[in-house]
Amino acid sequence: MSMDGRTCVITGSAKGIGRGIAEYLGQEGANVVINYRSSEGAAHEAIDAIESAGGSAVAARADVSDRAEVEHMVEVCHEAFGPADVLVNNAGITADKQFTEMSREEWDRVMDVNLGGVFNCTQLFYDDIWNADEGRLINISSVVGKQGNFGQANYAAAKSGMFGFTRTIALELAQGGSTANCVAPGFTATDMVEGVPDKVLDRIIAGIPLERLATVEDIAAVVRFLASEDSSYVTGEVIDVNGGMDL
Ligand code: NAI
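Cut-off values and rules
- Residues numbered from 1 in each chain as written.
- Predicted model: local features only at pLDDT ≥ 70, side-chain atom pairs only at ≥ 80, totals over all residues.
- Near = placed C-beta within 6 Å.
- Nonpolar A, V, L, I, M, F, W, Y, C, P; charged D, E, K, R; others polar.
- Axes fitted to C-alpha atoms, helices over the stretch in contact; angles between N-to-C directions.
- Helix = DSSP H or I, 4+ residues; strand = E, 2+ residues; numbered from the N terminus.
- Parallel < 35°, antiparallel > 145°, perpendicular 65-115°, else oblique.
- Left-handed = near helix turned anticlockwise from the far one by under 90°.
- Contact = placed C-beta atoms within 7 Å.
- Pairing = 2+ DSSP bridges.
- Buried ≥ 20, exposed ≤ 12 C-beta atoms within 10 Å, placed from the backbone.

### A look at the site of the ligand
Part 1 of the argument: Taken together, 28 residues form the shell around the ligand, and within it G12, G16, G92, T190 and M192 come nearest.
Part 2 of the argument: Residues that form the shell around the ligand fall into these classes: eleven nonpolar, 13 polar and four charged.

Rendered as structure tokens:
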């Protein structure tokens, strides 16, 4: 199996894309740390799914925007499996509002989780990734970080910010032989998209050459490639997984 014995931490992985990534990597033989903020039940369901496929997983509660809680997650990972080989910064939130109506609190909340969380987790797992044999940092950005999206100035700014962050960390990690890359999913069928009105969703799908939303498996398969040794010579890249939205 391509991920045999590799320890992978996936933030926000009790549900949605993170859960899809966790299950995919777990089925490929990885030791998986399921991070959750409030969805304890869903985190345990994810662990059951991985264990019944023959993999190993542990749950770690932490709000990624809280540094002390991320320190605790590092301890949970080390106690269960030792140092991490792969960190997937997946946890993310939206707080949509047309810009003129957006409060500073809505701006800060999205920045704190979507970029502050990336800062905390990357810094606190940095030594693990640096020292790993083929360490991997994978940041889940968004097509919105490239294209912008009406009502998402805060989210688009945070997701764009991940590109510069990833390229810089890719340079800093390179001497240790580890890599950093971004995945930029298009619209994916999860809770995050569930709030989008049907009329808007129909318009979005009409603009996707492959004529459908992404599934979590579509995203997880690309993350698996980046997490594995198959991607040894790929670093500082943004891989779009968006059904051709920008064609
Ligand atoms: P989701 O809302 O279904 O899942 C996000 C997960 O992150 C949830 O389990 C949530 O509890 C967790 N989370 C939120 N804040 C957290 C915090 N402070 N600490 C720890 N965990 C936290 O969303 P989805 O769709 O699975 O999104 C996953 C990632 O993919 C996000 O970064 C999102 O921005 C990105 N993305 C999603 C797209 C979509 O269309 N669904 C498209 C492009 C990117």
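That shown, we press on.
### A closer look at the packing of helix 4 (residues 104-131) against helix 6 (residues 153-174)
Part 1 of the argument: Taken N-terminus to C-terminus, the directions of helix 4 and helix 6 make an angle of 15°; their axes are 9 Å apart at the nearest point. When the axes of helix 4 and helix 6 are compared, the pair comes out roughly parallel. In this structure, helix 4 crosses over helix 6, and the sense of that crossing is right-handed. Every residue of helix 6 that contacts helix 4 at E106, W107, V110, M111, N114, L115, V118, T122, I129 and W130 is listed here: N154, Y155, A158, K159, G161, M162, F165, I169 and L173.
Part 2 of the argument: Looking at the contact of helix 4 with helix 6 residue by residue, the classes come out as 13 nonpolar, four polar and two charged.

### Describing the sheet that holds strand 5 (residues 136-140)
Part 1 of the argument: Spatially, seven strands are ordered 3-2-1-4-5-6-7 in an open sheet, and the strand pairing comes out parallel. Looking at which strands have only one partner, the edges of the open sheet turn out to be strand 3 (56-61) and strand 7 (238-241). Neighbouring strand axes in the sheet, compared pairwise and without regard to direction, differ in orientation by 20° on average.

### Focus on the pairing of strand 6 (residues 179-185)
Part 1 of the argument: Of all seven residues making up strand 6, seven are buried, and the element is well covered by its neighbours.
Part 2 of the argument: Residues T179, N181, V183 and P185 of strand 6 are buried on one face, and the alternating residues A180, C182 and A184, pointing to the opposite face, are buried as well.
Part 3 of the argument: Relative to strand 6, strand 5 is paired through five bridges, and the arrangement is parallel. Bridging across to strand 6, I140 finds its partner in V183.
Part 4 of the argument: Both strand 6 and strand 7 contribute to a ladder of four bridges, which runs parallel. Bridge pairing links P185 to V241 in strand 7.

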